[in-house]
Amino acid sequence: QLQLVESGGGLVQPGGSLRLACATSGFTLDYYAIGWFRQAPGKEREGVSCTSSSDGITYYADSVKGRFTISRDNAKNTVYLQMNSLKPEDTAVYYCAAERVAPIVTSVPCSESFFAYWGQGTQVTVSS
């Protein structure tokens, strides 16, 4: 039983902040790469941030670099996406995803096809 459940989405004004959480169960988070993706209306799903491990290489999309931060708490089996300085164009459904990787892997592609396990998504709306 491998599950990922996102939470923390909602309505926020431009310039505001949100922290998304992805609670995981059924696997050891230490051994999994984690990705955050989003899909806006009329657009394809895009990679926002991905990391292979706690001390691996972290990828951020250019559109969110400097504003978003991915992190994980392995003891709590939870992954976070801290989102600051939110813009209307950040409005989307946000998904977390996981894929098992070897400990020596330091980077992973932040692409939808790489990740096998997905959460249900949480809506983020940035509007005044």
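Everything quoted here is computed from the prediction, not taken from an experiment.

Student: Account for the pairing of strand 1 (residues 3–7), with residues named and values stated.
Tutor: By the alternation rule, side chains of strand 1 split into Leu 4 and Glu 6, which are all buried, and Gln 3, Val 5 and Ser 7, of which none is buried. Bridge count between strand 1 and strand 3 (residues 18–25): five bridges; the pairing is antiparallel. Each residue of the ladder has a partner; that of Ser 7, found in strand 3, is Ala 21.

Student: Provide a residue-level description of the sheet that holds strand 3, including the pertinent values.
Tutor: Read across the sheet, four strands follow the order 1-3-8-7 without closing on themselves; strand pairing throughout is antiparallel. Both outer strands of the open sheet, strand 1 and strand 7 (68–73), are each paired with one neighbouring strand and no more. Neighbouring strand axes in the sheet, compared pairwise and without regard to direction, differ in orientation by 15° on average.

Student: Residues and numbers for the state of the cysteines, please.
Tutor: For the structure on display, the rule yields two disulfides. Sulfur-sulfur distance for the disulfide between Cys 50 and Cys 110 comes to 2.0 Å. Taking the sign of the torsion about the S-S bond as the criterion, the disulfide between Cys 50 and Cys 110, at about 70°, is right-handed. One end of the pair, Cys 50, is in strand 5 (residues 46–51); the other, Cys 110, is in the loop between strand 9 (92–100) and strand 10 (117–118), with 60 residues separating them in the sequence. Overall, Cys 50 belongs to the buried group, its relative accessible area being 1%. Should the bonded cysteines of the protein be numbered as they appear in the sequence, the pairing reads 1-3, 2-4.

Student: Please give an account of the nonpolar core that cites residues and values.
Tutor: Counting residues in each nonpolar core, the largest one holds 26 residues, and the members touching the most others are Trp 36, Phe 68, Leu 81, Met 83 and Tyr 94. The set of elements that each furnish at least two residues to this core consists of strand 3, strand 4 (32–39), strand 7, strand 8 (78–83), strand 9 and strand 11 (122–126). Among residues more than four places away in sequence, those in contact with Phe 68 are Arg 38, Val 48, Tyr 60, Leu 81, Gln 82, Met 83, Asn 84, Leu 86, Asp 90 and Tyr 94. If you look at the next biggest cluster of nonpolar residues, it comprises eight residues, including Ala 33, Phe 37, Val 101 and Cys 110.

Student: Before we move on, could you go through the pairing of strand 4 and cite the residues and values that matter?
Tutor: When you tally the buried positions in strand 4, you get seven out of eight residues, the bulk of the element. Bridging between strand 4 and strand 9 involves eight bridges; their strand directions are antiparallel. Looking at the pairing, Trp 36 lines up with Cys 96 of strand 9. Note that strand 4 and strand 5 share five bridges and pair antiparallel. Bridging across to strand 5, Gly 35 finds its partner in Cys 50. Counting the residues in the hairpin turn of strand 4 and strand 5 gives six residues, including Gly 42, whose phi is positive at 80°.

Definitions and limits used
- Residues numbered from 1 in each chain as written.
- Predicted model: local features only at pLDDT ≥ 70, side-chain atom pairs only at ≥ 80, totals over all residues.
- Heavy atoms only, no water.
- Buried < 20%, exposed > 50% of the residue type's maximum accessible area, 1.4 Å probe, protein only.
- Helix = DSSP H or I, 4+ residues; strand = E, 2+ residues; numbered from the N terminus.
- Pairing = 2+ DSSP bridges.
- Axes fitted to C-alpha atoms, helices over the stretch in contact; angles between N-to-C directions.
- Disulfide = S-S within 2.5 Å.
- Core = buried A, V, L, I, M, F, W, Y, C linked by side-chain atoms within 4.5 Å.
- Contact = heavy atoms within 4.5 Å.

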